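Listed below, chain by chain, are the residues.
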Amino acid sequence: MDYTTRPPFPQAAGGRGRENRAFRADALGKGRSFCYNTAGKPCKEMERYMKLGIVGLPNVGKTTLFNALTGSQAETGSYTAANARPNIGQAKVPDERLDWLAAYWHPKKYSPASIDFVDVPGVSSGGKGNEVFQAIRQVDALVQVVRCFDNEDIFLEPADAVRDAESFELELILADIEIVERRLERAKKNAKGGDKKYKREAEMCEALIAHLTEEKPARDFPFTDEDRDILADGGLLTVKPVIYAANLDEEGMADYANNANFKALSDYAAARGAAVLPVAAKFEEDLAELDPDEAQMFMEDLGLHETGLDRLIRTSYDLLGYISFLTAGEDDVHAWTIVRGTKAPKAAGKIHTDIERGFIRAEIVAFEDLKACGSMAAAKEKGLFRLEGKEYVMQDGDVTMFRFNV
């Protein structure tokens, strides 16, 4: 198939022949990217976004935070049959680099990276079980909302952040034990035929069950590379990375560093190599409904320089090792999320699999160099516009055009 599109960089437009075909992506629908063949028909390729699960005990502010992050209006309050299923929403990733490119190109479309959020119903002892756990299995990482505020109308006991964090994790550990026990039973049965693979799987499952029984999450288990391959589709909950969102009221948020629950949760998270973020979910939800100037004023009153969404996105990218590369032109400026360490052909496949398959080279300039020069022409004159091959490891902020041949 012949894919021909307008190159995003004017300097690259003069060449002829198959090698000079270039690609740009148009976000013509939510969660979708498109390219065009020479017949003018769109060829659709789904773009997968980072997916974060907002989890925790009941009534700690999960849905309130979800609404603030996604601009949704999901019903909040005590658990009822009406909110037994997860809420799903999406948030655009703020990116000043993309804003600069948009101001430079004045494109028809503006396509920031996105994050999918899943607001999972509260998990508690003897709670809703499999449906909730299945929702958690589908996400890349967990944002565990932990109550760091008191509310006598809802809670009989004062907030105890560490107790609640441990309680929630224990429910996930118990669910993991059930999963691994079933896996162990199957592995033992299959190992009777002498298959060494299943014998190794049974040994690993026994060791993992012993680890989990000590109330230790699977992410702390010393998996070998072989173990990870065996459990690639295992559905373990506690193997997922976690960010603790310490949910405070406005008073607590104004001086969160001295809040006893926040400090205790920070120590708890640090001991587990996890991140903790102070948030005021109700304040963030109200903030999202204001115009930007009013929102900025209220944030300054609390001494905040960025929204909870901005902080959460930055922490999530660091936690999962994600970066963004950029494509730009008159038709579209677009941010693409990839894992740090991704090579150029694989990054090209993020846009479309045909570009990865027929990859020739990437034409790249670092965003900071482009911004400092003020234009692509100036960056090229200074030798900052470069050609990279199949072994090039993409860097955060690479402004990129891929050349390919299929």
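Residues numbered from 1 in each chain as written. Predicted model: local features only at pLDDT ≥ 70, side-chain atom pairs only at ≥ 80, totals over all residues. Heavy atoms only, no water.

1. Re the packing of helix 4 (residues 161-191) against helix 5 (residues 196-213)
Put simply, the test is: Axes here refer to lines fitted to C-alpha atoms; in helices the fit is confined to the stretch in contact. Angles between the N-to-C directions go from 0 to 180 degrees. To qualify as a helix, a DSSP run of H or I must reach at least 4 residues; to qualify as a strand, a run of E must reach at least 2; elements of each kind are numbered from the N terminus. To sort the angles, those under 35 degrees are grouped as roughly parallel, those over 145 as roughly antiparallel, those from 65 to 115 as roughly perpendicular, and the leftovers as oblique. Left-handed describes a crossing in which the near helix is turned anticlockwise from the far one by less than a right angle; the clockwise case is right-handed. It only takes one pair of heavy atoms within 4.5 Å for two residues to be counted as in contact. Charged means Asp, Glu, Lys or Arg here, nonpolar means Ala, Val, Leu, Ile, Met, Phe, Trp, Tyr, Cys or Pro, and polar covers whatever is left, Gly included.
One can describe the packing of helix 4 onto helix 5 by two numbers: an axis separation of 8 Å at closest approach and a directional angle of 155°. Overall, the two elements helix 4 and helix 5 adopt an arrangement that is roughly antiparallel. Considering only the axes of helix 4 and helix 5, their crossing is left-handed. Contact with helix 4, carried on its side by I173, D176, I177, V180, E181, R183, L184, A187, K188, N190 and A191, involves Y198, K199, E201, A202, C205, E206, L208, I209, L212 and T213 of helix 5 and no other residues of that element. Residue classes in the contact of helix 4 with helix 5 are distributed as twelve nonpolar, two polar and seven charged.

2. Quick look at the pattern of salt bridges
Rule in force here: By salt bridge we mean one thing: a side-chain nitrogen of Lys or Arg within 4 Å of a carboxyl oxygen of Asp or Glu. The buried label goes to any residue with under 20% of its type's maximum accessible area, the exposed label to any with over 50%, and the partly exposed label to all in between, with areas taken from a 1.4 Å probe on protein chains only.
Applying the stated rule across the entire model yields 23 salt bridges. For the salt bridge of R97 with D95, the shortest nitrogen-to-oxygen distance reads 3.0 Å. Of the two residues, R97 and D95, both sit in the buried class. Across the salt bridge formed by D396 and R97, the nearest N and O atoms sit 3.2 Å from each other.

3. Here we look at the packing of aromatic side chains
Put simply, the rule is: Stacked, tilted and edge-to-face are the three classes assigned to paired rings of Phe, Tyr and Trp, where Trp is represented by its six-membered ring and a pair needs centres within 6.5 Å; plane angles under 30 degrees give stacked, over 60 edge-to-face, the rest tilted. Our definition puts a charge over a ring when NZ of Lys or CZ of Arg is within 6 Å of the ring centre and also within 35 degrees of the ring normal.
On inspection of all chains with the given rule, the structure shows eleven aromatic pairs. Ring centres 5.3 Å apart and planes at 85° place the aromatic pair Y104 and W105 in the edge-to-face group. Judged by its relative accessible area of 30%, Y104 is partly exposed. One aromatic cluster is present, formed by W100, Y104, W105 and F367 through successive ring pairs. One cation-aromatic arrangement involves K197 over Y198; the distance from NZ or CZ to the ring centre is 5.7 Å. One residue, R272, lies across the ring of Y268, its end atom 3.6 Å from the ring centre.

4. Thoughts on helix 2 (residues 96-105)
Just so we agree on the cut-off: What the arc describes is the spread of directions from the helix axis to the C-beta atoms. Pairing of N or O atoms within 3.5 Å defines a polar contact, subject to two protein rules: one partner must be a possible hydrogen donor and the other a possible acceptor, and residues neighboring in sequence count only if both atoms are side-chain atoms.
Listed as buried for helix 2 are R97, L98, L101, A102 and W105. Each buried residue of helix 2 lies within a common arc of 140° when the element is viewed along its axis, so the set occupies one face. Turned more than 90 degrees off the buried face of helix 2, the exposed positions are E96 and A103. Each element contacted by the buried residues of helix 2 is listed here: strand 6 (109-111), strand 11 (322-328), strand 12 (332-339), helix 14 (367-373) and strand 15 (398-404). The N-cap of helix 2, judged by a side-chain oxygen 3.0 Å from the amide nitrogen of R97 a few residues on, is D95.

5. Quick look at the nonpolar core
Let me state the cut-off plainly: Think of a nonpolar core as a cluster: buried Ala, Val, Leu, Ile, Met, Phe, Trp, Tyr and Cys residues, connected wherever their side-chain atoms sit within 4.5 Å.
Ranked by size, the top nonpolar core spans 80 residues in total, and within it F117, I136 and Y244 carry the most contacts. Excluding residues within four positions of it along the chain, Y244 makes contact with Q144, V146, A165, E169, L265, Y268, A269, R272, A274, A275, V276 and L277. Grouped together as the second largest cluster of nonpolar side chains are 18 residues, I173, V180, A202 and I230 included.

6. As for the pairing of strand 4 (residues 50-55)
Worth spelling out the cut-off: Any two strands with at least two DSSP-identified bridges between them are counted as paired.
In terms of burial, strand 4 is a largely internal element, five of the six residues being buried. Across five bridges, strand 4 lies against strand 7 (residues 114-119) in parallel orientation. Each bridged residue has a counterpart across the sheet, and for K51 the counterpart in strand 7 is D116. Pairing between strand 4 and strand 8 (residues 141-147): four bridges, direction parallel. Note on strand 8: the bridge partner recorded for L52 is A141.

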